[in-house]
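Architecture and fold: a report
These are the residues of each chain, in order.
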Amino acid sequence: MVRSRIIPSLLLKGEILVKTVNFSDRTIYVGDPINAVRIFSELKVDELCLFDIQKRKQGLSPNFSLLGKIAKNARMPLCYGGGIRSASDAINLVNLGFEKISISYSGVQDCSVSIINDLIDKIGGQSVVITLDVVRIIENGYTLYKVRYNNKNKMELYDLDGVLLILKQHAIAEIIINDVDREGGNIGIDTELLEQALKGIDCHLTILGGAQSHSEIASLAQKYSPIGIAAASVFTFTGKHRAVLLNYIK
Amino acid sequence: MIGIIDYNFGNVSALCSTLNELDLNYKIISEPNDMENISHIIMPGVGSFDNVIQNLVSSGLSAYLCQRKDLKVLGICIGMHILGDRSEEGIMPGLGILPGTVVKLENKLRTPHLGWNSVKLPITSKLFQNVDLDDGFYFLHNYMFLSENKGNDIAFTNYGQTIVSAVSDGRIYGVQFHPEKSGVNGKTLIKNFSEL
Amino acid sequence: MVNKQIKICTNCVMDSTDPNIKFDDNGLCDHCKNYRSNIDPLLNSMADSPAKLNSLISDIQDRGRKCEYDCILGLSGGLDSSYMLHMLTTKYKLRTLVFHVDCGWNTERATSNIRKMVDVLGINLFTKVVDWEEMRDLQLSFFKSGVSYIDTPQDHAYTATMYYYAKKNNIKTIINGGNFSTEGVRNPLDWLYHGSDLKNILDIYNQHSTRKRLDKFPLSDIFFHKIYLNYFKRIKVVKPLNLIEYNKKGAILELSEKYDWMPYAEKHYESRFTKFFEGYWLPTRFGYDTRKVQYSSLILSKQLSRRDALAKLSHLSLTDTEIKIEFQYVADKLQIDTSELRHYLEMPKSIYSDYKNRAAIFGIGSKVMKILGLEKSVKR
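Computed from a predicted model, the values in this text were never measured in an experiment.

**Things to note about the overall build of chain B**
- Each helix and strand in chain B was counted, giving 5 helices and 12 strands.
- On C-alpha atoms alone, chain B measures out to a radius of gyration of 15 Å, which is about the 16 Å that the 2.2 N^0.38 rule sets for 196 residues.
- Taking the principal axes of the C-alpha coordinates as reference, chain B spans close to 45 × 40 × 30 Å.
- Buried residues in chain B amount to 52% of all 196 residues.
- Contacts in chain B between residues at least 24 apart in sequence constitute 68% of all its contacts with a sequence separation of at least 6.

Rendered as structure tokens:
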């Protein structure tokens, strides 16, 4: 049986890595992505996710030259997301060494839902990942999970279950739930969100956002196996001063 | 020398890096003229069946590889699938150099078969020497290879059903997993292949 | 590798690739002579070291009493600084501000060693991540300059960051992991010119940079720091490893037992760039092998035999495969192709005086330090 995957997640801004909190503009400088990915490869991580946080906003394509150099040093599977607008972007990335290509729900909405089948057709469904930025709203005393779409500075919210139902019709490999509210917060992964998402999909799930510690990650990985647990802060920082020191679970 | 087939659908870069680390000489093969001095070839692959076959046919490599009965071949994932006769994933015929068909995985568990899984060998195989079988390899696929000759099945993996994770007729090898992205085990397997 | 007639010292392994080396009639070099005159006596009088050490620790604690930290230590992940951290925390129980500088070239081993130690010791580490785009530009400028000391950007960033944290936190004592046991012989200046000569660094940068913008890079003016901090802010630099029985094998064993600390193939190899620079670039381009300095130090402190040292020196410390991989890696990180990097490897050589510098002043300062007995090993 497959094991759970524990996945460091890195954010690319321009040509360097940063860490954000709650997707805000405030960023912590993490440094060179080429060396970081090499270190994680030598730490023998299960997989690694790399998201470019500017490309979609700027309307730019992925930085293929830099990504090729980054991927060269990875002996583990890689997933990349950020600025993918066409199947040819995806093909380029696969050829550079990325096993999985992620397009956000916002990206899907930008292009139209037909991009999903386009990607599946050209690179195979096993390599297509959809990332959902999830937030919470309170309605009548209930906490509801919503998928966020930044539509030209206007925020649109979609019901999570509704989005998952639509995505179920496509033979994609994986959904990554990006818990926006808990991002960088180290307050723990939301297991209710995790469970709700698992119920709504046939493909694989990875949850990202809020992880507090190696032991929490290990415990959730075991409880919900097989599942993907992704984390950024936990694998990037150490100590109360949040010193940058890349690390991984043993 | 090792030839890595470049048919525009593969992780050529990761394979090149691995071969560099192993200090093995290799060449990228785009067409039959590139095949001088090549004793082993690796067929990488992330992509869809028909697109890969189409590419091989256009380059002339499809016909060429079917003729060369002396080459040691390692097909990875889709590179393994195209060794067979046909696939449920597409409409084009495969290379047919390792009899078998490619079928979709059963829907027992979440698809695709994604992640690190262990591998079992019914009998020892030089390809898997020094590999930690429990640690296994990284899998990422929706379809799997069914050999016509079950004697060619040399490794199995469990994912809701028994998946043939490696096949071989002694000269041609196919692995369902991605050794170029399977850390130490993958590097060991590629080294073993180069020494066959 | 440079293959002229090279004369090797009969006692250590320093040789005439050090252009200023002098041999006496017995073939003994001036590095050995200096060690025997100035350093051996210190190491041989270790009997009163425990008392001196206790006194030093008390002094550090006294001076740090009103501050949040007694002292500051830079942790590169290398043996000396790791062992120093181990001693400061577990034996001397000093409240230490521990910082690490990430210049974009950390090895996984260094990162893991640091992590293991901070986890076990419960240290709240500070990390300064140097702006990578500026670092790359500065490093590329050094390659283009043709000089031998292209690792200066990393070294300088470390020193500047240390002074930054020391000033910011009003720390009175800087702990330096330097020691006679493994560093009794110093790198010749012709090999590695002063990394603290800011004038030299800036001239190299201004002449060869493409970005011409070094806003975030940690820079330190040596005059300001050595003079102002030392005499006006009364910040002292101490080297506690000189007051204990410090030997390489013993230190590695102790750290591996306590922290699962893993050693490096050679000194300074905690940085991937330094490994490339000292293991391949410097010997290949200039014929300077810093291992000769390190092994000579170990020979003089009786931790290595001359025969074993010569055997190791008969080949580069990196295999051909490693060299190929690291060469490509350095080119990729610098965003140039390997042919451009090869051009820098083969281009005409430059020396520090081809650029503006404060060598004369450094020279005077060094002589004064020696006369005052503040500096025992020769940096020349």
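Having seen the model, we can carry on.
**A few points about the overall build of chain C**
- Helix and strand counts for chain C stand at 16 helices and 5 strands.
- The C-alpha atoms of chain C give 20 Å as radius of gyration, which agrees with the globular expectation for 380 residues (21 Å, within 12%).
- When the backbone C-alpha atoms are referred to their principal axes, chain C occupies close to 55 × 55 × 45 Å.
- Out of the 380 residues belonging to chain C, those deemed buried represent 46%.
- Pairs at least 24 residues apart make up 78% of the contacts formed inside chain C by residues separated by at least 6 positions.

**Here we look at the interface of chain A and chain B**
- In this assembly, 28 residues from chain A lie in contact with 25 residues from chain B.
- Elements supplying a minimum of two residues to the side of chain A that touches chain B: helix H3 (64-72) and helix H4 (87-96) of chain A.
- When the residues that make up the side of chain A that touches chain B are grouped by side-chain class, the tally is 11 nonpolar, 8 polar and 9 charged.

**A word on the sheet that holds strand E1 (residues 71-74) of chain C**
All names here are of chain C.
- Strand order in this open sheet of 5 strands is E3-E2-E1-E4-E5, and the pairing throughout is parallel. Two strands in the sheet have a free side with no partner beyond their single neighbour: strand E3 (126-129) and strand E5 (236-238). Neighbour-to-neighbour, the strand axes of the sheet open up by a mean angle of 25°, direction not taken into account.
- Contacting E1, strand E2 (96-102) and strand E4 (173-175), helix H3 (residues 79-91) runs over the sheet at an angle of about 150° to E1.

**Some remarks on unusual backbone geometry**
- At the junction of A:Ser225 and A:Pro226, the peptide bond is cis and its omega measures out at 0° in the coordinates.
- For A:Pro226, the location among the structural elements is in the loop between helix H9 (214-223) and strand E12 (228-231).
- Cis geometry marks the peptide bond from B:Thr111 to B:Pro112; its omega dihedral reads 0°.
- Mapped onto the fold, B:Pro112 is located in the loop between strand E6 (100-104) and strand E7 (113-117).
- Despite not being glycine, A:Arg242 shows a phi value in the positive range, around 50°.
- Mapped onto the elements of the fold, A:Arg242 is located in the loop between strand E13 (237-238) and strand E14 (243-244).
- Judged by C-beta crowding, with 18 C-beta atoms within 10 Å, A:Arg242 ranks as partly exposed.
- Look at C:Asn170: it is not a glycine, yet its phi comes out positive at around 55°.
- Of note, C:Asn170 is situated in the loop between helix H6 (152-168) and E4.
- Look at C:Asn170 and you get partly exposed, because 13 C-beta atoms sit within 10 Å.

**Some words on the interface of chain C and chain A**
- If you look at the interface, chain C gives 19 residues, while chain A gives 21 residues.
- Elements with a contribution of two residues or more to the side of chain C that touches chain A: E2, helix H4 (108-121), E3, helix H5 (132-145) and helix H14 (320-334) of chain C.
- Looking at the side of chain C that touches chain A, the element that brings in the most residues is H4(C), giving 5 residues.
- Per-class residue counts for the side of chain C that touches chain A are 7 nonpolar, 6 polar and 6 charged.

**Things to note about the nonpolar core**
- By size, the foremost hydrophobic cluster in this structure holds 214 residues, and its most contacted members are A:Leu48, A:Ile101, A:Ile177 and A:Ile229.
- Residues contacting A:Ile101, with those up to four places away along its chain left out, are A:Tyr80, A:Ile84, A:Ala90, A:Leu93, A:Val94, A:Leu119, A:Ile123, A:Ser127, A:Val128 and A:Val129.
- Listed in part, the 16 residues of the second largest apolar core include C:Cys9, C:Cys12, C:Met14 and C:Cys32.

**Re the packing of helix H12 (residues 290-300) of chain C against helix H13 (residues 306-313) of chain C**
Residues and elements named next belong to chain C.
- It is at 10 Å that the axes of H12 and H13 come closest, and there the two elements cross at 165°. Between H12 and H13, the angle falls in the class roughly antiparallel. By crossing handedness, the relation of H12 to H13 is classed as right-handed. Contact residues: H12 offers Arg291, Lys292, Tyr295 and Ile299, while H13 offers Arg306, Ala309, Lys312 and Leu313.

Parameters at a glance
Residues numbered from 1 in each chain as written. Chains lettered and ligands numbered in written order. Predicted model: local features only at pLDDT ≥ 70, side-chain atom pairs only at ≥ 80, totals over all residues. Helix = DSSP H or I, 4+ residues; strand = E, 2+ residues; numbered from the N terminus. Rg over C-alpha atoms; globule rule 2.2 N^0.38 Å. Buried ≥ 20, exposed ≤ 12 C-beta atoms within 10 Å, placed from the backbone. Contact = placed C-beta atoms within 7 Å. Nonpolar A, V, L, I, M, F, W, Y, C, P; charged D, E, K, R; others polar. Pairing = 2+ DSSP bridges. Axes fitted to C-alpha atoms, helices over the stretch in contact; angles between N-to-C directions. Core = buried A, V, L, I, M, F, W, Y, C linked by C-beta atoms within 7 Å. Parallel < 35°, antiparallel > 145°, perpendicular 65-115°, else oblique. Left-handed = near helix turned anticlockwise from the far one by under 90°.

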